[in-house]
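Structure at a glance
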Amino acid sequence: MTAPTSQRLRCELCQVEIDCSNGIDQVLFSLGGAGTRSKLWVRVCRYLSNDEQKASCINQDATKRGEEQPGDRYDEAPPLDLGRANGGS
Ligand SMILES: [Zn+2]
């Protein structure tokens, strides 16, 4: 019998869970479904200010979360369409 490689971590500060299965980490946001560690970092964990908070956060390891990806910040923002002026004469 092999031990399951799935593990569920919880970040008390950020109020999210990270599901680690087969080497793939999925952040389970309370809103909006699953995402990546980099997404969690950009949206939440980077705003932790003091060392006590950082010590409690499970997403402070840069090698685990990787680079910030496009779309990590806010995917609900529509593409800008400012070219469409109000018209008129
Ligand atoms: Zn965190």
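Here, the structure is the one placed above.
So, here's what we can say about the structure. Throughout, residues of each chain are indexed from 1 in the direction in which the sequence is written. The predicted origin of the model limits local features to residues at a pLDDT of at least 70 and limits the giving and counting of side-chain atom pairs to 80 or more, whereas totals for whole chains, interfaces and linings rest on all residues. Only hydrogens and water are set aside; all other atoms, that is, all heavy atoms of the structure, feed into the side-chain values.

**A closer look at the coordination of the zinc ion**
Donor atoms are limited to N, O and S found within 2.8 Å of the metal ion, a distance that becomes 3.2 Å for Na, K and Ca. With water left out, some sites might look partial. All of the protein donors around the zinc ion are Cys11 (SG), Cys14 (SG), Cys45 (SG) and Cys57 (SG); their distances to the metal are 2.2 to 2.8 Å. The geometry test gives tetrahedral to four donors whose angles all lie between 85 and 135 degrees, gives square planar to four donors and octahedral to six donors whose opposite members are over 155 degrees apart with all other angles between 65 and 115, and gives irregular to the rest. For the zinc ion, the 4 donor atoms in the first shell make angles of 84 to 162° at the metal, so the coordination geometry reads as irregular. Sequence spacing of the donor residues for the zinc ion, all on one chain, is C-x2-C-x30-C-x11-C. Taken together, the residues Cys14 in the loop between β1 (7-11) and β2 (16-21) and Cys57 in the loop between α2 (51-56) and α3 (62-65) connect sequence positions 43 residues apart. For the residue pair Cys14 and Cys57, the accessibility class agrees, reading buried in each case. For the purposes of this entry, the term helix denotes a DSSP run of H or I that reaches at least four residues, the term strand denotes a run of E that reaches at least two, and both are numbered from the N terminus. To sort residues, take the accessible area from a 1.4 Å probe on protein chains only and compare it with the maximum for the residue type: under 20% means buried, over 50% means exposed, and anything in between is partly exposed.

**Observations regarding the packing of aromatic side chains**
Classification of ring pairs uses Phe, Tyr and Trp, with its six-membered ring standing for Trp, and accepts pairs whose centres are within 6.5 Å; under 30 degrees between planes counts as stacked, over 60 as edge-to-face, and the remaining range as tilted. Evaluation of the coordinates by the stated rule reveals 0 aromatic pairs. A cation over an aromatic ring shows up here: Arg46 above the ring of Tyr47, its NZ or CZ 5.6 Å from the ring centre. Charge-over-ring contacts are defined here by two conditions on Lys NZ or Arg CZ: a distance within 6 Å of the ring centre and an angle within 35 degrees of the ring normal. Across the ring face of Trp41, the terminal group of Arg65 is positioned such that the distance to the ring centre comes to 3.4 Å.

**Topic: the environment of Ser30**
With respect to the element layout, Ser30 can be found in the loop between β3 (24-28) and β4 (34-35). Note on Ser30: relative accessible area 67%, which makes it exposed. Placed 13 residues apart in sequence, Ser30 and Glu17 show a C-alpha to C-alpha distance of 8.5 Å.

On their own, these measurements won't tell you what the molecule is for.
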